[in-house]
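# Residue-level structural notes
For reference, the chains in residue letters:
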Amino acid sequence: MDRILLSTVSYRPPEEVFPYVRSFTEYPRYTEHLKGVRVHGNGDAGSVYDLQLAWWKLTYTASSKVTAISPPESLEWRLVEDVDARGEWRVEPEPEAAPADAETASRIFFEALYDPHSADESAISLPRFVSIDRIVDRVRPRLVEEAETVVERLVEDIEGDRRDVELTIHEMP
């Protein structure tokens, strides 16, 4: 399994951060590759989000199911078909990270565990003569970049202003 784990600080309490983390329908604003989101459910555990993705010559709809939710701390998800992938958004209070002009802060974690070789090749519209291994090699670094972009733009939305966001990439244990 491959893993992405990154975090950053938002200068807001978890109770203010979590609704933004939870609102997947807003995520197309955070990345150019997510073209749309359809939700089946009310956003609680069991809800499924169809994430319409487009990158390079590929288009794909990933169906992500919320498997557990504990506001304002955690939202766990997994893809329901085509690729073995799961992850979590986690929000933890981190008041000592607040600057002088902020009352408090929270650390936002994004984690994804996935097996790129578990991809169902028939579900992805690959260009002719392009192998899944070639796609995996090209997509891996883009996934980290996309996660970084989403988290940076999420913080901007939460705080209402753009600022330099320090991202921490956590290594696998």
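The rules we used
Residue numbers restart at each chain and count upward from 1, following the sequence in its written direction. The model is predicted, so local features are restricted to residues of pLDDT at least 70 and side-chain atom pairs to those at 80 or more, both for listing and for counting; the totals for chains, interfaces and linings are taken over all residues. Values shown for side chains rest on all heavy atoms present in the structure; no hydrogens or waters enter the calculation. Residue types Ala, Val, Leu, Ile, Met, Phe, Trp, Tyr and Cys, when buried and joined through side-chain atoms within 4.5 Å, form a set referred to as a nonpolar core. Residue burial is assigned from relative accessible area. The probe radius is 1.4 Å, only protein chains are included, and a residue is buried under 20% of its type maximum, exposed over 50%, and partly exposed in between. Contacts are assigned to residue pairs with any non-hydrogen atoms lying within 4.5 Å of each other. We count a salt bridge whenever a side-chain nitrogen from Lys or Arg sits within 4 Å of a carboxyl oxygen from Asp or Glu. In this text, helices come from DSSP runs of H or I with a minimum length of four residues, and strands from runs of E with a minimum of two, each type numbered from the N-terminal end.

## Some details on the nonpolar core
Judged by nonpolar contacts, the single largest core of 34 residues is most densely connected at Val21, Tyr27, Leu75, Trp89 and Phe110. If we skip the residues at most four places from it in the chain, phenylalanine 110 touches Ile4, Leu5, Leu6, Trp77, Glu88, Trp89, Ala147 and Val151.

## Looking at the pattern of salt bridges
Oppositely charged side chains can pair when the atoms bearing their charge come close. The tally for this structure, following the rule as stated, stands at 11 salt bridges. In this structure, the salt-bridge partner of aspartate 157 is arginine 29, at a minimum N-O distance of 2.1 Å. On the criterion of sequence distance, the pair formed by aspartate 157 in helix α2 (residues 132-159) and arginine 29 in the loop between α1 (14-22) and β2 (34-40) is long-range, its members being 128 residues apart. Arginine 107 serves as the salt-bridge partner of glutamate 94, at 3.0 Å between the closest nitrogen and oxygen. Of this pair, glutamate 94 sits in the loop between β6 (84-93) and β7 (106-115) while arginine 107 sits in strand β7, placing them 13 residues apart in sequence. Of the residues examined, glutamate 94 reaches a relative accessible area of 16% and is grouped as buried. Via salt bridges that share partners, Glu26, Arg29 and Asp157 belong to a single interconnected network.

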